[in-house]
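Listed below are the residues making up each chain.
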Amino acid sequence: TGVVTTTDVRMARESDAAIFCFGKVGIADKETKTLAETEEVSIRNHLVIYRLLEDAKDIFAEYLPVEYETKVHGKANVQAVFEVTDKNKASVSVAGLRVTDGNLFKAKSSGEKPLLCFYRVLRNGDVVVGTEALKSSSLRKVKEDVDSVKRGEECGLQLNGYNDLIEGDIIECYSIEEKRVAI
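Residues numbered from 1 in each chain as written. Predicted model: local features only at pLDDT ≥ 70, side-chain atom pairs only at ≥ 80, totals over all residues. Heavy atoms only, no water.

1. Section: the side chain of Ser93
- Along the polypeptide, Ser93 turns up in strand 4 (residues 91-105).
- Ignoring anything within four residues of it in the chain, the contact list for Ser93 reads Val81, Phe82, Glu83, Leu157, Gln158 and Asn163. (Helix = DSSP H or I, 4+ residues; strand = E, 2+ residues; numbered from the N terminus. Contact = heavy atoms within 4.5 Å.)

2. Looking at the pattern of salt bridges
- This model, assessed by the stated rule, comprises nine salt bridges.
- Here Asp55 ties to Arg44 by a salt bridge, and the two come within 2.7 Å at their closest N and O atoms. Within this pair, whereas Asp55 is found in helix 3 (residues 49-61), its partner Arg44 is found in strand 2 (residues 43-46), the two being separated by 11 residues in sequence.
- Asp55 gets classed as buried once you look at its relative accessible area, which sits at 11%.
- What makes Arg44 partly exposed here is its relative accessible area of 26%.
- Taken together, the salt bridges that share partners define one network made up of Arg13, Glu14 and Glu39. (Salt bridge = Lys/Arg side-chain N within 4 Å of Asp/Glu carboxyl O. Buried < 20%, exposed > 50% of the residue type's maximum accessible area, 1.4 Å probe, protein only.)

3. Let's talk about the packing of aromatic side chains
- Evaluation of the coordinates by the stated rule reveals two aromatic pairs.
- Ring geometry for Phe20 and Phe60: centres 6.2 Å apart, planes at 55°, overall tilted. Residue Phe20 is located in strand 1 (residues 19-22), and its partner Phe60 is located in helix 3; the two are separated by 40 residues in the primary sequence.
- The exposure class of Phe20 is partly exposed, given its relative accessible area of 25%.
- Relative accessible area serves as the criterion here: at 48%, Phe60 is assigned to the partly exposed category. (Phe/Tyr/Trp six-rings, centres within 6.5 Å; stacked < 30°, edge-to-face > 60°.)

Right under this line is the structure:
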């Protein structure tokens, strides 16, 4: 309680903490503010109590663990499998797909950063492959490289390092998103 002192700033620095103040009582003097800037300690002053609580909640949330959530973006049926030769003269499988649900992506934007999209292969309802995060090495409509394919459209998909697709397989496109545990 009271005015923020240089001792408060030093203790906050040692414990990697922020200093929260309420009302005009907690205003720090110039020397203390300079020390806080030098030591990279945040002094957060609020005149309204619920704003202080919201600010504290946001700061504390940064220290909570991260949970990973799998989000399925789309599904497609393998209608045909084509064996082609890649640029290294190796035989690879390209699946001819019809998207039945959602969208297939090479990468998907979520806010400011793109999310990596992965694929898994399901055969007779069981995951055949996809636990090791398969990526698309090629996603095409006709002969054009595309970033996404919508429900109802057909495309060709080559999965990086996986050539055992068969007609009737289901391909799922998904991403793994980070979420902070809520307070």
